[in-house]
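Examination of the molecular architecture
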Amino acid sequence: MPALRRLARLALASTTPAGRAVILLGLVSTVVAAEAGYEEFRLIAVMCGLLVLVALLLFALPTRVRARLELRPAHTIAGETGLGELQVTNLRLTPLYHPLVSVPLDAERDDRRGAQRVHVRMPVLRRNQPVVEQFEVPAVRRGVLRVGPAGARRTDPLGFFQRQAAWSSAAELLVRPRMVSVEGLGPGSVKDLEGTPSDQVSMSDLAFHALREYVRGDDLRHVHWRSSARAGRLYVRQYHDTRRSHVVVLVDDSRAAYADPEDFELALQIAASVVMRVALDEFDLSLVCGPQQLSGAAHHVLDAFCYSELAAGDLVVSARTAAHLAPDASQLIVVSGSRLDLGLLADVRAAFADDVRFLGFRADLDADPDETGAQAPQLITVDRLERLPGLLAAHVRGIVL
């Protein structure tokens, strides 16, 4: 029967040394009783069989525990700890005394996959009384960390069988790149309240353009009364249509552009720092990094960095994708590695309008600190994340001067 086969497989996979010893004793006693006819050994075999059967039945009973695992918040920064919350409710008639709950950690992009566990010692769990315990998730690298499922070691009263019983479902902790604060992204940036003037004329906006004679249907709120009184006829104001500053962050995910995978991590840290600056300036934001293509709030973009990884990417194709994603872009930020082909930058810039401002970063951990900075027009080489604010500030000062 399928149920018996499943029970047999569970028993074989979960048998403890004590359980194996009792089973072996029962088998040996059965053989001795059959060959030599000793009733004492037959009795030992029967007792061993009964003990194993009772232990197996008790071991196969449902856990009768309800648990919920949550991460608060569901993201952290590389090198910093996360915070988890475990709520457990005992549904059994009898209390559970100080169970040790185990929470496995499985980093999807870490070679030490499954190497870590967090253990949470719970208080006494009485029937139908929810208990909440918090625990820290150790600092990990950027990526997606699978936390859970939380569970405890399940055993029978005799200790013949044991296994790890899952109490809750798993959760994902998004580990964002490290970031530093930068002052600005270059001269010429405008505040969102002012906008960036366009060539389109409007009757309602913030950038004043000119006066024209009133025509039927114009809004009287736009009448310029002083000029109208001087000319003896009504004049109304015209305005330039303005657009919000829209920054596009383009991260090169091509393996060929990086001498070392750690350079790619530095590139993501640079891009994340830029994203935070854009968010503080309240600009519109779009990101393209391989399959991660989105526009929206900064926290969504930072979460997208957690899924980014090196691939056989094409920077020019990504630039064209970014131009289609953000046709109203006003500034383009390109982040690549030490092996970036500078000849591609012309094609990248050609994907956007001529008035889109450009700024590039090249991540190179092996770069000479005395030679970092702007080594090509509008391109800054960064060897360490901590040097980014100073290098960017020096670059901006050089442009202004």
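Here is what the cut-offs are and how they apply
- Residues numbered from 1 in each chain as written.
- Predicted model: local features only at pLDDT ≥ 70, side-chain atom pairs only at ≥ 80, totals over all residues.
- Heavy atoms only, no water.
- Core = buried A, V, L, I, M, F, W, Y, C linked by side-chain atoms within 4.5 Å.
- Buried < 20%, exposed > 50% of the residue type's maximum accessible area, 1.4 Å probe, protein only.
- Helix = DSSP H or I, 4+ residues; strand = E, 2+ residues; numbered from the N terminus.
- Contact = heavy atoms within 4.5 Å.
- Salt bridge = Lys/Arg side-chain N within 4 Å of Asp/Glu carboxyl O.
- Patch = residues over 30% accessible without salt bridge, like charges linked within 9 Å, V, L, I, M, F, W, Y side chains within 5 Å.
- Areas by Shrake-Rupley, 256 points an atom, 1.4 Å probe, with all protein chains shown as cover.
- Axes fitted to C-alpha atoms, helices over the stretch in contact; angles between N-to-C directions.
- Parallel < 35°, antiparallel > 145°, perpendicular 65-115°, else oblique.
- Left-handed = near helix turned anticlockwise from the far one by under 90°.
- Pairing = 2+ DSSP bridges.
- Right-handed = clockwise from strand over helix to strand, strands pointing away.
- Phe/Tyr/Trp six-rings, centres within 6.5 Å; stacked < 30°, edge-to-face > 60°.
- Polar contact = N/O pair within 3.5 Å; in protein donor to acceptor, adjacent residues only side chain to side chain.

Focus: the nonpolar core
Counting 40 residues, the largest nonpolar core has V249, V251, F305 and F361 as its most contacted members. Secondary structure elements with two or more residues in this core: β14 (246–251), α5 (261–280), β15 (284–289), α6 (298–305), β17 (331–337), β18 (357–363), β20 (379–382) and α9 (388–400). When residues of this core are assigned to their parent elements, the largest contribution, 10 residues, is made by α5. The residues touching F305, leaving out its near neighbours within four places in the chain, are R142, P177, V251, L268, A271, A272, V275 and L287.

Side note on the pattern of salt bridges
Evaluated as defined, the whole model comprises 12 salt bridges. For the salt bridge of E386 with R178, the shortest nitrogen-to-oxygen distance reads 3.2 Å. Of the two residues, E386 sits in the loop between β20 and α9 while R178 sits in the loop between β10 (171–176) and β11 (196–202), which places them 208 residues apart along the sequence. Given the relative accessible area of 44%, E386 is considered partly exposed. For the salt bridge of D281 with R277, the shortest nitrogen-to-oxygen distance reads 3.0 Å.

A short note on a nonpolar patch on the surface
Residues L25, Y38, F41 and I44 make up a contiguous nonpolar surface patch of about 350 Å² in total accessible area. Residue position: F41 is located in helix α3 (residues 39–60).

Focus: the packing of helix α2 (residues 17–36) against α3
α3 packs onto α2 with a crossing angle of 150° between their chain directions and a minimal axis gap of 8 Å. It follows from the interaxial angle that α2 and α3 lie roughly antiparallel. Remark: the crossing between α2 and α3 carries left-handed chirality. Along the contact surface, α2 presents V22, I23, L25, G26, S29, T30, V32 and A33, while α3 presents F41, R42, I44, A45, C48 and V52.

Looking at unusual backbone geometry
Residue P73 is bonded to the preceding R72 through a cis peptide linkage, with omega at -5°. Position of P73 relative to the elements: it lies in the loop between β1 (65–71) and β2 (75–77). The residue after G148, namely P149, is reached through a cis peptide bond having omega 0°. Looking at the secondary structure, you find P149 in the loop between β7 (143–147) and β8 (151–155). One non-glycine residue, E282, adopts positive backbone phi at about 60°. Considering the arrangement of structural elements, one finds E282 in the loop between α5 and β15. Using a relative accessible area of 56% as the deciding quantity, one classes E282 as exposed.

Notes on the sheet that holds strand β3 (residues 82–90)
Backbone hydrogen bonds are what pair the strands of a sheet, in a parallel or an antiparallel way. The sheet built from 3 strands is open, its strands ordered β1-β3-β6 with antiparallel pairing. Only two strands of the sheet have a single neighbouring strand rather than two, namely β1 and β6 (131–137). Strand-to-strand twist in this sheet, taken as the mean axis angle between neighbours without regard to direction, amounts to 20°. The pairing of β1 with β3 spans 7 bridges and is classified as antiparallel. Paired with R66 across the bridge in β3 is T89.

Observations regarding the pairing of β20
Of the two faces of β20, the one carrying L379 and T381 and the one carrying I380 and V382 are both buried. Taken together, the 4 bridges between β18 and β20 define a ladder with parallel strand orientation. Each bridged residue has a counterpart across the sheet, and for G360 the counterpart in β20 is L379.

Remarks on α6
Within an α-helix, residues lying three or four positions from one another point in the same direction, as the helix has 3.6 residues per turn. The element α6 is largely enclosed, with a buried count of 6 among its 8 residues. Among the residues of α6, those classed as buried are A298, V301, L302, D303, A304 and F305. Turning to α6, the residues buried within the fold contact β2, β10, β14, α5, β15 and β16 (292–295).

Notes on the pairing of β14
When a strand is regular, its side chains alternate between the sheet's two faces. The buried fraction of β14 amounts to 6 of the 6 residues, a majority that puts the element mostly inside the structure. Burial of β14 is two-sided: the residues H246, V248 and L250 facing one way and the residues V247, V249 and V251 facing the other way are all buried. Pairing geometry for β14 and β15, over 5 bridges, is parallel. Bridge pairing links V249 to L287 in β15. Taking the sense of rotation as the criterion, the β-α-β connection linking β14, α5 and β15 turns out right-handed.

Looking at the packing of aromatic side chains
Note on aromatic pairs: each is described by the distance of the centres and the angle between the planes. Per the stated rule, a full pass over the model turns up 2 aromatic pairs. Taking 6.0 Å as the distance between ring centres and 55° as the angle between the ring planes, the aromatic pair formed by Y38 and F41 counts as tilted. Given a relative accessible area of 32%, F41 falls into the partly exposed group. Aromatic side chains Y258 and F264 sit 5.4 Å apart centroid to centroid with 80° between the ring planes, which places their arrangement in the edge-to-face category. F264 sits in the buried class, given a relative accessible area of 2%.

Some thoughts on the side chain of S273
Following the sequence through the fold, S273 ends up in helix α5. At 2.9 Å, the side chain of S273 and the backbone oxygen of Q269 are in polar contact. S273 has contacts with R178, M179, V180, V182, L385 and L388, leaving out every residue within four places of it along the chain.

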